[in-house]
Amino acid sequence: MLLAGKKILIGITGSIAAYKSILLLRLLVKEGAEVKIVMTAAAKDFVSPLVLSVLSKNKVVLDWQEQNEWNNHVALGRWADLMVMAPLSCNTLAKMATGACDNVLMAVYLSATCPVLASPAMDEDMWHHPAVQENIEKIKTFGNHVIPVNTGALASGLYGEGRMAEPEEIRDYLVEQFFRTQDFAGKKVMISAGPTYEPVDPIRFIGNRSSGKMGFALAKAFFLKGAEVVLVTGPNNLPPLYKGIHIIQVQTAKQMLDACIKQSDAGIIVMSAAVADYTSAAPATQKIKKAGDQLQITLQKTEDVLLYLGQHKKAGQFIAGFALETENEETNAIEKLHKKNLDCVFLNSLNEKGAGFDTDTNKVTIIDHQQKQTLALSSKLDIAFQLVEYIREKVIE
């Protein structure tokens, strides 16, 4: 879980967007965070404290004192690793900018010793008002972070800027900005992912069943461990990754080769893409019409991307490749290890249920020049973190 053990405080203000705070809370708890909630009186009109208390498994703080018990705003402000104001209303924004302290949420904010992330929510005309923009800039000067608003349908019925960021965006932003580790700080990592599509004509192509999920999981894991990540990916339908990951989209094996060569200054290279071994020798410029019982297409061999990188390996560079096999798995993987001048091979087999193409899980055997280690079937993200840890032990002193 990405946020395991992290202490996150959510401040909820009076805004129709407060319903999103429930979804944000669930996401953070699912990622392993401990979450506490502080609300303004106005926020209770939009979201139930009972719901928030049940989902967070913590008491929701609503006022200075409740049931003859004082809510220690100083202790709460010092408890959190991060405070998230979501949604941040125009009114509470003004209080943050001026230091006004007339409710328990503002008392906790002013007592907070952790970073503060604000996610504004208001109508478009309010959002663009000079006073609001001035307050946004002012709270930034205090060291607060502000996640950009979205454009979309607003409570007024208008369509425009001012919509609160989606819970997934807030989760990804706080992970990226506050909770990355520094294991690979200063290290550039290049990863390849997905299939390649080799054109037959403007409509058809030769491809394979690779989804790119393993490569995307590796990019995410390396990035969360502090690396500068470049992901060269073939066609896929996967959701976007963290904004700090540099993604290069390609279609063909030749395009993937060219992109990987340009990024081959990376100290760590992990090639998980399923690059086509053959491509059409002469793709048709127009759609091939159905005619006759047979169609012959001449294929020519593509240049082996991983072999090229291995042959041009730089001093101190670490290169790993994936081997997806259907027979003689270990023999073929070991041959690839030596032939392509790799530091290790990550072997997975289509004979293993839950491993291989287009699954959310994988089972991998790490083979290097000294040992063999098999990782149990797990989610591709979990496998990715285990592979990243293996590489860290090899390259980080």
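In the block above lies the structure referred to throughout.
Reading guide: rules and limits
- Residues numbered from 1 in each chain as written.
- Predicted model: local features only at pLDDT ≥ 70, side-chain atom pairs only at ≥ 80, totals over all residues.
- Heavy atoms only, no water.
- Helix = DSSP H or I, 4+ residues; strand = E, 2+ residues; numbered from the N terminus.
- Buried < 20%, exposed > 50% of the residue type's maximum accessible area, 1.4 Å probe, protein only.
- Contact = heavy atoms within 4.5 Å.
- Areas by Shrake-Rupley, 256 points an atom, 1.4 Å probe, with all protein chains shown as cover.
- Patch = residues over 30% accessible without salt bridge, like charges linked within 9 Å, V, L, I, M, F, W, Y side chains within 5 Å.
- Salt bridge = Lys/Arg side-chain N within 4 Å of Asp/Glu carboxyl O.
- Expected span 1.5 Å × (residues − 1).
- Pairing = 2+ DSSP bridges.
- Axes fitted to C-alpha atoms, helices over the stretch in contact; angles between N-to-C directions.
- Phe/Tyr/Trp six-rings, centres within 6.5 Å; stacked < 30°, edge-to-face > 60°.
- Lys NZ or Arg CZ within 6 Å of the ring centre and 35° of its normal.

Caption draft 1: A look at the overall build of the chain. Looking only at helices and strands, the chain features 13 helices and 24 strands. Once the C-alpha set of the chain is aligned to its principal axes, its extents read approximately 80 × 55 × 35 Å. Burial statistics for the chain: of 397 residues in total, 49% are counted as buried. For the chain, long-range pairs separated by at least 24 residues make up 67% of all intrachain contacts whose partners lie at least 6 apart in sequence. Within the structure as shown, the chain displays about 19,500 Å² of accessible surface, and the carbon and sulfur contribution to it stands at 50%.

Caption draft 2: Focus on a nonpolar patch on the surface. A cluster of nonpolar residues, Y278, L295, I297 and L299, forms a patch on the protein surface that exposes about 380 Å² of accessible area. Among the structural elements, L295 can be located in the loop between β17 (278-280) and β18 (299-301). By relative accessible area, which is 57% here, L295 ends up exposed.

Caption draft 3: Structural view of helix α9 (residues 213-224). For α9, which comprises twelve residues, the first-to-last C-alpha distance of 16 Å matches the rise-based estimate of 16 Å (1.5 Å per residue) to within 8%. Of all twelve residues that make up α9, ten are buried, and the element is covered over most of its length. Buried within α9 we find M214, G215, F216, A217, L218, A219, A221, F222, F223 and L224. G226, located one to two residues past α9, shows a positive phi value of around 100°.

Caption draft 4: Focus on the sheet that holds strand β23 (residues 372-374). The strand order across the open sheet formed by eight strands is β15-β14-β11-β16-β19-β20-β22-β23, and the pairing between neighbours is mixed. In the strand order of this sheet, the two ends are held by β15 (246-249) and β23, each with one partner. Adjacent strand axes in the sheet meet at a mean angle of 15° when their direction is disregarded. Taken strand by strand, helix α10 (residues 253-262) contacts β11 (188-193), β14 (228-233), β15 and β16 (268-271), and its axis lies near 165° from that of β14. Strands in contact with helix α13 (residues 380-395) are β16, β19 (318-325), β20 (344-349) and β22 (365-368); relative to β19, the strand with the most contacts, it is inclined by about 145°.

Caption draft 5: Structural view of the pattern of salt bridges. One pass over the structure, following the stated rule, counts 16 salt bridges. Across the salt bridge formed by D368 and K394, the nearest N and O atoms sit 3.5 Å from each other. In this pair, D368 sits in strand β22 while K394 sits in helix α13, placing the two residues 26 residues apart along the sequence. The class for D368 is buried, based on a relative accessible area of 6%. Salt bridges here are not isolated pairs; linked through shared partners, they connect K20, R163 and E166.

Caption draft 6: Main features of the packing of aromatic side chains. Applying the stated criterion to the full structure yields five aromatic pairs. Look at F184 and F222: their rings are 5.2 Å apart centre to centre, the planes differ by 80°, and that puts the pair in the edge-to-face class. Taken together, the positions of F184 in the loop between α8 (167-178) and β11 and F222 in helix α9 put the pair 38 residues apart, joining distant regions of the chain. Relative accessible area serves as the criterion here: at 0%, F222 is assigned to the buried category. Judged by centre distance (5.6 Å) and plane angle (25°), the ring pair of F223 and Y242 falls under stacked. Here the residue F223 occupies a position in helix α9, and Y242 occupies one in the loop between β14 and β15, the gap between them amounting to 19 residues. Each member of the pair, F223 together with Y242, is buried. When the ring centre of W79 is taken as reference, the NZ or CZ atom of K36 above it lies at 4.5 Å.

Caption draft 7: Summary view of the pairing of β11. Counting buried residues along β11, six of its six residues qualify, which places the element largely inside the surrounding structure. Here β11 shows a buried face lined by K188, M190 and S192 and a second buried face lined by V189, I191 and A193. Bridge count for β11 against β14 is six bridges, and the pairing is parallel. Paired with A193 across the strands is T233, a residue of β14. Relative to β16, β11 runs parallel, the two sharing four bridges. Bridge assignment links V189 to a residue of β16, and that residue is I268.

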